[in-house]
Amino acid sequence: MVLSIVERIKGFLFSPSDTFDASREDSLGDAFKYFVVILAIYAVLSAIIAAVAFSMIAGMFGVPQMPFGAAAGPLAAVGVFIAALIGGIIGIFIGGVWLHIWVYLVGGRNGMGQTIKAVIYGMTPSLILGWIPIVGFIAGIWALIVEIIGVRQLHDLTTGKAVLAVIIAIVIPAIIIGILVAAFIAMMPGQMFPGPSMGPGFGGF
């Protein structure tokens, strides 16, 4: 059964299990076309939010008086739009390949293409609602759940194995980033975070 983009959006938002079953035979190209459309929508809406927010902040702090100040909002919008498109396209494939390592280890044997499709279709809540401040956080959790359902359905795994694969794929990079940040902070000179002064003048001496 061939679903339209609107049907897919509604399906992945509200009936992800059935919609993944209906999309099982989709080619990776079909999934990528869907992804580019909703990613473009997300990029445009995010760019508008960025332009409005940056213009308001610039106005409050007098940035319009500086060079390019008047164009700050539009420039921010263009930057966000380009970053969202390029980052989204690159990230979806890197994320799909990384997730597939763990999907394979827990027993998923239906191919990397199915994993990438699960990631692409799983991004639906984030790309449709993620541009809205605050709501974007809820959409991110929603997207994570949809992705887990996609891994389960497209790889014929149990829910537990699908959850395990997705969680491991998230936790390992988070731990690595945490270690790198901690190491970076530890290597900073002490003067970057000065404590209370205990110099010769302390206490009148």
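Everything numeric here is computed off the predicted structure, so don't read it as measured data.

Turning our attention to the packing of helix α5 (residues 112-122) against helix α7 (residues 135-155). Contact pair α5 / α7: the axes reach a minimum separation of 8 Å and the direction vectors enclose 150°. Our classification of the angle between α5 and α7 gives roughly antiparallel. For the crossing formed where α5 meets α7, the hand is right-handed. In contact with Gln114, Thr115, Lys117, Ala118, Val119, Tyr121 and Gly122 of α5, α7 contributes Ala143, Val146, Glu147, Gly150, Val151, Leu154 and His155. Looking at side-chain class alone, the contact of α5 with α7 contains 7 nonpolar, 5 polar and 2 charged residues.

Following both chains from N to C, one finds α7 and helix α8 (residues 159-187) inclined at 125°, their axes separated by 8 Å at the closest point. The angle between α7 and α8 falls in the class oblique. Where α7 crosses over α8, the two elements pack in a sense that is right-handed. Contact residues: Leu144, Glu147, Ile148, Val151 and Arg152 in α7; Thr159, Ala162, Val163, Val166 and Ile170 in α8. Residues of the contact of α7 with α8, tallied by class, amount to 7 nonpolar, 1 polar and 2 charged.

We now examine the environment of Ile89. Tracing the chain through its elements places Ile89 in helix α4 (residues 72-105). Taking the C-alpha atoms as reference, Ile89 lies 7.8 Å from Val36; in sequence the two are 53 residues apart. Beyond its immediate stretch of four places on either side in the chain, Ile89 contacts Phe32, Phe35 and Leu39.

Let us look at the confidence of the model for the chain. Overall, the prediction assigns the chain a mean pLDDT of 88, with 84% of residues at 70 or greater. Here residues 200-205 is a poorly scored stretch, pLDDT under 50, and it has 2 contacts once near neighbours within four places are set aside; other chains count.

Reported here for the largest pocket is a volume of approximately 250 Å³. What lines the largest pocket is a set of 15 residues, and nearest its centre among them are Gly95, Leu99, Val119, Glu147 and Ile170. Elements represented by at least two residues in the lining of the largest pocket include exactly α4, α5, α7 and α8. Looking at the lining of the largest pocket element by element, the count peaks at 5 residues for α4. Class assignment for the residues of the lining of the largest pocket results in 10 nonpolar, 4 polar and 1 charged.

Moving on to the packing of aromatic side chains. Taken as a whole, this structure holds 8 aromatic pairs when the rule is applied. Their ring planes at 20° and their centres at 4.5 Å tell us that Phe12 and Tyr121 sit as a pair that is stacked. Separated by 109 residues along the polypeptide, Phe12 in helix α1 (residues 5-14) and Tyr121 in helix α5 bring together distant segments of the chain. Taken together, the ring pairs connect Phe12, Phe20, Tyr34 and Tyr121 into an aromatic cluster.

On inspection of all chains with the given rule, the structure shows 3 salt bridges. The closest approach of N and O atoms between Asp26 and Arg8, which form a salt bridge, is 2.5 Å. Within this pair, whereas Asp26 is found in the loop between α2 (16-22) and α3 (28-60), its partner Arg8 is found in helix α1, the two being separated by 18 residues in sequence.

It is worth spelling out unusual backbone geometry at this point. Its identity is not glycine, yet Ile134 carries a phi of approximately 75°, on the positive side. Within the element layout of this structure, Ile134 appears in the loop between α6 (124-129) and α7. Owing to a relative accessible area of 74%, Ile134 belongs among the exposed residues under this scheme. The backbone of Asp156 shows a phi angle near 55°, a positive value even though the residue is not glycine.

Quick notes on the rules
- Residues numbered from 1 in each chain as written.
- Predicted model: local features only at pLDDT ≥ 70, side-chain atom pairs only at ≥ 80, totals over all residues.
- Heavy atoms only, no water.
- Axes fitted to C-alpha atoms, helices over the stretch in contact; angles between N-to-C directions.
- Helix = DSSP H or I, 4+ residues; strand = E, 2+ residues; numbered from the N terminus.
- Parallel < 35°, antiparallel > 145°, perpendicular 65-115°, else oblique.
- Left-handed = near helix turned anticlockwise from the far one by under 90°.
- Contact = heavy atoms within 4.5 Å.
- Nonpolar A, V, L, I, M, F, W, Y, C, P; charged D, E, K, R; others polar.
- pLDDT = per-residue confidence, 0-100.
- 1 Å grid on protein atoms, 1.4 Å probe; cavity = no way out; pocket = protein on both sides within 12 Å on 5 of 7 lines; lining within 4 Å.
- Points joined across faces, edges and corners; volume = space filled by probe spheres on them.
- Phe/Tyr/Trp six-rings, centres within 6.5 Å; stacked < 30°, edge-to-face > 60°.
- Salt bridge = Lys/Arg side-chain N within 4 Å of Asp/Glu carboxyl O.
- Buried < 20%, exposed > 50% of the residue type's maximum accessible area, 1.4 Å probe, protein only.

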